[in-house]
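Descriptive structure summary
Chain by chain, the residues run as shown.
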Amino acid sequence: MFFYISLLAFFALLVMLGYRYRAVVLPHVPMKVRSLFGLNQYIPLSTFSSQAEAGLTSVMFDIEANMNDGDSRAGLDERGTQEVLDIMRRERVNFDQARLIRHNQILARNGIDPSGMPLDSKAVTRL
């Protein structure tokens, strides 16, 4: 009985340590194993260099220029970065197209059409 309790406690400890250090452990886990358990969605992107390596750069939005100019910021907005990555994966589009889709979604949530005109019929657009 004591053996089974100690075995259960050992596995519980392994699970807790694995969760705590998942950012360090997950890059070493093969992609096939990650996809089996749904672990392929956690990718920490905290610096410009890691975001550029993840494909979040283009000719129109050049992160490498920020890095070369010595930008002191930590990186792009984490929530926005994750939304762009999700759009890229879901819609199968490139970085610039995903940014445009996200931007249009934000505009639509705020009552603005993609051209920049307000959707409110009472809005004054000309004098």
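Everything here concerns the structure above.
Quick look at the structure, then. Predicted, not measured: the structure shown is a model, and the values here were computed from it.

1. Some details on the pattern of salt bridges
Overall, the coordinates contain five salt bridges when judged by the stated rule. One salt bridge connects R102 with E83, and the closest N-O pair in it is separated by 2.7 Å. Taken together, the residues span a long stretch of sequence, with R102 in helix α7 (residues 95–109) and E83 in helix α6 (residues 78–91) at a distance of 19 residues. Beyond isolated ion pairs, a larger network of salt bridges with shared partners links R79, E83 and R102.

2. Description of the packing of aromatic side chains
As enumerated under the stated definition, the model contains two aromatic pairs in all. With 5.5 Å between their ring centres and 70° between their planes, F3 and Y4 make a pair best called edge-to-face. Here the guanidinium or amino end of R20 rests over the ring plane of Y21, the centre of that ring lying 5.1 Å away.

3. Topic: α7
Taking 1.5 Å of rise per residue, the 15 residues of α7 would be expected to cover 21 Å, and the 21 Å separating its terminal C-alpha atoms lies within 8% of that figure. The set of residues buried in α7 consists of F95, A98, R102 and L107. Measuring from the side-chain oxygen of the N-cap residue of α7 to the backbone nitrogen of D96 gives 3.3 Å; that N-cap residue is N94. Looking one or two residues beyond α7, the residue adopting positive phi is G111, at roughly 75°.

Conventions adopted
The residue numbering used here restarts from 1 in each chain and proceeds along that chain's sequence as written. For this predicted model, a pLDDT threshold of at least 70 governs which residues receive local features, and a threshold of 80 or more governs which side-chain atom pairs are given and counted, while totals over whole chains, interfaces and linings are taken from all residues. Computation of side-chain values covers all heavy atoms of the structure but excludes hydrogens and water. Note on definitions: salt bridges are taken to be side-chain nitrogens of Lys or Arg within 4 Å of carboxyl oxygens of Asp or Glu. Helix numbering and strand numbering both begin at the N terminus, where a helix is a DSSP run of H or I of at least 4 residues and a strand a DSSP run of E of at least 2. Only Phe, Tyr and Trp rings take part, Trp by its six-membered ring, and two of them pair if their centres are within 6.5 Å. Stacked means planes under 30 degrees apart, edge-to-face means over 60, and tilted covers everything else. Two limits define a charge over a ring: the Lys NZ or Arg CZ must be within 6 Å of the ring centre, and within 35 degrees of the ring normal. By this rule, a helix spans an expected 1.5 Å times one less than how many residues it contains. Per-residue accessibility, obtained with a 1.4 Å probe over protein chains only, is compared with the maximum for each type, and a residue is labelled buried under 20%, exposed over 50%, and partly exposed between these values. Within 3.5 Å is the distance limit for a polar contact, defined as a pair of N or O atoms, with the added protein rule that one can donate a hydrogen and the other accept it, and that residues adjacent in sequence qualify only through two side-chain atoms.

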